[in-house]
Each structure stands twice: as structure tokens, then as C-alpha cells.
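Observations on the model geometry
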Amino acid sequence: MAVKRRFQSVKGMRDLVDEAPAFAEVEETARRVFSLYGYHEVRTPVVEDTELFVRGVGEASEIVGKQMYSFDDKKGRSLSLRPEGTAPVARAYLEHDMASWPQPVKVFYMGPYFRYERPQAGRYRQFNQIGAELIGDPGPYSDVELLVMLLRFLEEVGFQDLEVGLNSVGDPECRRRYSRRLREYLEPHRDDLGADSLRRLETNPLRILDTKAPKERELLEGAPRLREVLGSAAQSHFEVVCEQLARFDVDFEIDNRLVRGLDYYTRTVFEITSVSLGAQDAILGGGRYDGLIADLGGPSVPGIGFAIGEDRLVSLFRHLYPGRRVSGASPQEPVCVVPVGASYRRHGLELSQALRAAGITAICEFDALRPLKVGLKQANRRGCRWVVLIGEDEVAAGTVVLRDFENGTQETIQRDEFVDVVATRISA
Ligand code: AMP
């Protein structure tokens, strides 16, 4: 007989099984903190017009050049699974005429994103991001407020001592100037550059700055610095950002090599990395994108935002604080109701419903074909400390038995009082 094929998740995409509760807690924390700063949640589609990313993220970027899941629909339109969240939000800003709303518009979002990258630890083809965008204010105080909010979120998740890497990539004019200077500096050293950097030397020299190759990094030590060629407006913007962040006790370090992988950034860029994550060390990144909305055919409206890699955030949290729950959450452990014998299932269901109605998490073991011993073992394996037993004697007497696994004791209580008693015991 033919053996039926079993399926596995697609390469680079994974089930969140153990991690799902932590994801939910991180997301709840994001909703709470971001709302405090006047942000509201938006949800954009997973699929967009391919052209949106080509124009928004940039043709020369790795994401658009190599990593998009693009396909033609039945009418031959080229669509792509979203590889990032800012271009879709910018599209939505224009589509919903958010320019007519009170400015700046502050939104956040969370969900799955897709990039066809080589999978490795911390790098998936479907991953989750939590992002926020502040659109409509060019000033440095918005940069500061956004970063302060981000750090408050990380603190409330439970992180301590994360340091922000900060830089300015200037305005497009500064970047063009700098690209020329960097190219001039690197040209005589072509032999020391790998294939990727040689390609970037033609298409996007700035990206060479974040190379991981030791030889290239050494070479870049002597390269001109981006901040040396910033125009005066970009320079003073950056100064205010640094000054104000220091005033709010934000731990940051100016990182001259920080340029970020997406083409739309202008002026302020930032990233948080952790050596504990290994090669894929960035947990989040962001920056200002003052030209993006105009590139997408809209008016000239500035913006700034960030995207947190939720998968990496959760894995870093678990690594740094083993056994600790995100945001100090303490979920209620369930009370287990065990009907002793098949004919008491109805009572089991009634008792569990009464507990749930009072806000107490309850699980009922309906499989009464098993002996009581097995039912109790099962409750124990589920991690239930409290078990409510109901069988022939209890139904006749109008009682239930409440067993405490931790102390190995049990007591008989009146059925009409049992919810109150359980509530008192579990909160003691
Ligand atoms: P980016 O949109 O490239 O600025 O990325 C923002 C954050 O998303 C990064 O700092 C990572 O934490 C996360 N991220 C990006 N690509 C992936 C991926 N393929 N797998 C997991 N996380 C990712």
C-alpha cells in the first residue's frame, strides 16, 4: 500500500508553537505603549503591486533585486508578498488621503513579511515585524519622540541595557556627494573587494559600509565619513536628535557605518543589535524617509519609522532572560475538572462553565473511559495545580472534591460554593 506523503512547513517558514504566547504578549505590549503616544493600528494587505516596492524600496536594493516573492495573478498583474511595511503604509497614506488628517499621522502595524533569503538562525523567509510610522513632521523632535517610545516598549517587554546605534545618512544630495567620495576612495582597492561589494560600488556604494567581511571592514577604517559631508540642515537636525536623546537618558552610540539596507532613508537612521543573536544580530531598525511619499507619486511629505523583527526580539528575550515571561505576564494556570465516570461528563462541563463564567481558566477531562488515576496524571502533565473531581458520591451529596497537587491535600466543598472557594484558593 502506498505510504501517504506527510508535509512539512515550507523552507524558511515555521510554525510558532512554543513561541506563540510570547509573540502575543509582545504584541499586546506594543499596542499598549504605542497607543500611549497617540499611534493607532492599521493593517494593510499581505500582497501589493510589485511596482510599489520597486519604486518605494528601490530597484538597487537587495530586497527588490533578489528577495521578493513576486508572481503574476490571473490577469497578468505582477504582485508581490510584502517584504517590508513602510511602503505599504505610505501607499495607504496616499490612498486614504491621510494628508488631510491632522498631521503628523501616527500609525503602527504588525504581521508577517516575506523575503526569499537563505534561511539561517534568526533569518526566515516568513518573519514577523512590528512597525510604527510617523508621517508629516520633518522636525528632529519627532525622531526623538519615536525613539523614546521604542525604548519604552523594549523596557516594558522586559529588556534592560539595549543600546541604540545612531547615524545620519543625510539628504539625497549629501548621499550623492558621499557616494562619489566613497567610490573614489575604494576604486584603487578593487582587488580587496568581494563580488557583492564590487557590484555595490556601481549600484549603491553606501551599502558597502555595512559589510561583514573583515578585509573590507579594515579598508573602510580609512574611508571618508558620511557625517563629514552632511549639509548644514542635515547636520543641525542630527545634533538636535543627539542632544535631546541624551536629555532623555537614551543610551546610544553614533555608528558611522550604519546605513541600513533600504534605499528610502534620509537623515536619521538607527538600529539595535545584540551580539547574543550571532550573525543575524539586528533586532530592529528604522529611520527617516523624507522622500518616500513623493517617490510614490504623492506630495512632499516627510516621515520616520521603525520595524522590529519580532522573531529575533522573542528569541533574544528568551536567551537573555531564560524562564522569564514577556512583560512580566503571569498567565492563570488552568483548573482541571475531572468527571469520575462517563455519566458525569455533563456535570464536568457544567462545573467548568461555572468557573469560566467567573473568569477562571478551566479544562475538562471528558475522557472518562480512563481510570481516575490516568485523568489525574493528565491534569498533572498539563501543569494544573488544582483539580475539581465530580463522581457518583459528589453528585448525590451536592458537593465536589478539590484537590491541591502541590500540597497533596484535598477537601470536599459544597457545589454551590465551589466557584468562590476555587477563586480564593487560586489567588491565595
Ligand atoms: P528591515 O525591514 O530590513 O529594516 O528589518 C527590520 C528588522 O526585521 C531587522 O532588524 C530584523 O530584526 C527583522 N528581519 C528582517 N529580515 C528578516 C528575516 N529574513 N528573518 C527574520 N527577521 C528579519
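The text that follows walks through the structure, step by step, so that each part is easy to find. This is a predicted model, so every value here is computed, not measured. (Residues numbered from 1 in each chain as written. Predicted model: local features only at pLDDT ≥ 70, side-chain atom pairs only at ≥ 80, totals over all residues. Heavy atoms only, no water.)

**Regarding the overall build of the protein chain**
Of regular secondary structure, the protein chain possesses 15 helices and 16 strands. The C-alpha radius of gyration computed for the protein chain amounts to 28 Å, which surpasses the reference 22 Å derived for 428 residues by more than 25%, pointing to a less compact arrangement than a globule. With respect to the three principal axes, the spread of C-alpha positions in the protein chain is 90 × 65 × 45 Å. Sorting the 428 residues of the protein chain into buried and exposed places 49% on the buried side. Taking the 57 positively charged and 65 negatively charged side chains of the protein chain as two groups, their mean positions are separated by 5 Å. (Helix = DSSP H or I, 4+ residues; strand = E, 2+ residues; numbered from the N terminus. Rg over C-alpha atoms; globule rule 2.2 N^0.38 Å. Buried < 20%, exposed > 50% of the residue type's maximum accessible area, 1.4 Å probe, protein only. Lys, Arg positive; Asp, Glu negative; His and termini not counted. Charge placed at Lys NZ, Arg CZ, Asp CG, Glu CD.)

**Some thoughts on the packing of aromatic side chains**
Describing an aromatic ring pair means giving the distance of the ring centres and the angle of the ring planes. In this structure the tally under the stated criterion is 10 aromatic pairs. Between Phe34 and Phe108 the ring centres are 5.6 Å apart and the planes differ by 70°, which places this aromatic pair in the edge-to-face class. One end of the pair, Phe34, is in helix H1 (residues 20-36); the other, Phe108, is in strand S5 (residues 105-114), with 74 residues separating them in the sequence. Note on accessibility: Phe34 and Phe108 belong to one class, buried. Taking 5.5 Å as the distance between ring centres and 80° as the angle between the ring planes, the aromatic pair formed by Tyr69 and Tyr116 counts as edge-to-face. Placement of Tyr69 in the loop between helix H3 (62-66) and strand S3 (70-72) and of Tyr116 in the loop between S5 and strand S6 (126-135) is noted, with a sequence separation of 47 residues between them. Given a relative accessible area of 44%, Tyr116 falls into the partly exposed group. (Phe/Tyr/Trp six-rings, centres within 6.5 Å; stacked < 30°, edge-to-face > 60°.)

**Looking at the environment of Val275**
Looking at the secondary structure, you find Val275 in the loop between strand S9 (266-273) and strand S10 (282-288). Separated by 41 residues in sequence, Val275 and Leu316 place their C-alpha atoms 9.8 Å apart.

**Structural notes on the site of the ligand**
Around the ligand, the surrounding shell holds 15 residues, and the nearest of these are Arg115, Glu117, Tyr124, Arg260 and Ala282. Backbone polar atom of Tyr124 to a nitrogen atom of the ligand: 2.8 Å apart, as the coordinates give it. For the ligand, an oxygen atom lies 3.0 Å from a polar atom in the side chain of Gln129. In the complex, 92% of the free accessible area of the ligand, which totals 490 Å², lies under the protein chains. (Near = heavy atom within 4 Å. Polar contact = N/O pair within 3.5 Å; in protein donor to acceptor, adjacent residues only side chain to side chain. Areas by Shrake-Rupley, 256 points an atom, 1.4 Å probe, with all protein chains shown as cover.)

**As for the sheet that holds S10**
Strand order in the open sheet formed by eight strands is S1-S5-S6-S11-S10-S9-S7-S8, and the pairing between neighbours is mixed. A single partner strand is all that each edge strand has here, and the edge strands are strand S1 (40-41) and strand S8 (252-254). Packing of H1 onto the sheet brings it into contact with S1, S5, S6 and strand S11 (303-309), and relative to S5 it is tilted by some 165°. (Pairing = 2+ DSSP bridges. Contact = heavy atoms within 4.5 Å. Axes fitted to C-alpha atoms, helices over the stretch in contact; angles between N-to-C directions.)

**Concerning the pairing of S6**
Counting buried residues in S6 gives nine out of 10 residues, a clear majority hidden from the surface. As judged from the 10 bridges shared by S5 and S6, these two strands associate in the antiparallel manner. By the bridge assignment, Met110 is partnered in S6 with Ile130. As paired strands, S6 and S11 are joined by seven bridges and run antiparallel to one another. Each bridged residue has a counterpart across the sheet, and for Glu133 the counterpart in S11 is Gly305.

**Points about the sheet that holds strand S14 (residues 386-390)**
With mixed pairing, the five strands of this open sheet are ordered in space as S13-S12-S14-S15-S16. Single-partner strands in this sheet number two, and they are strand S13 (362-364) and strand S16 (409-414). Within the sheet, the average angular offset between the axes of one strand and its neighbour, ignoring direction, is 25°. For strand S12 (residues 335-339) and S13, the ladder comprises three bridges, and the chain directions are parallel. Paired with Cys336 across the two strands is Ile363, which belongs to S13.

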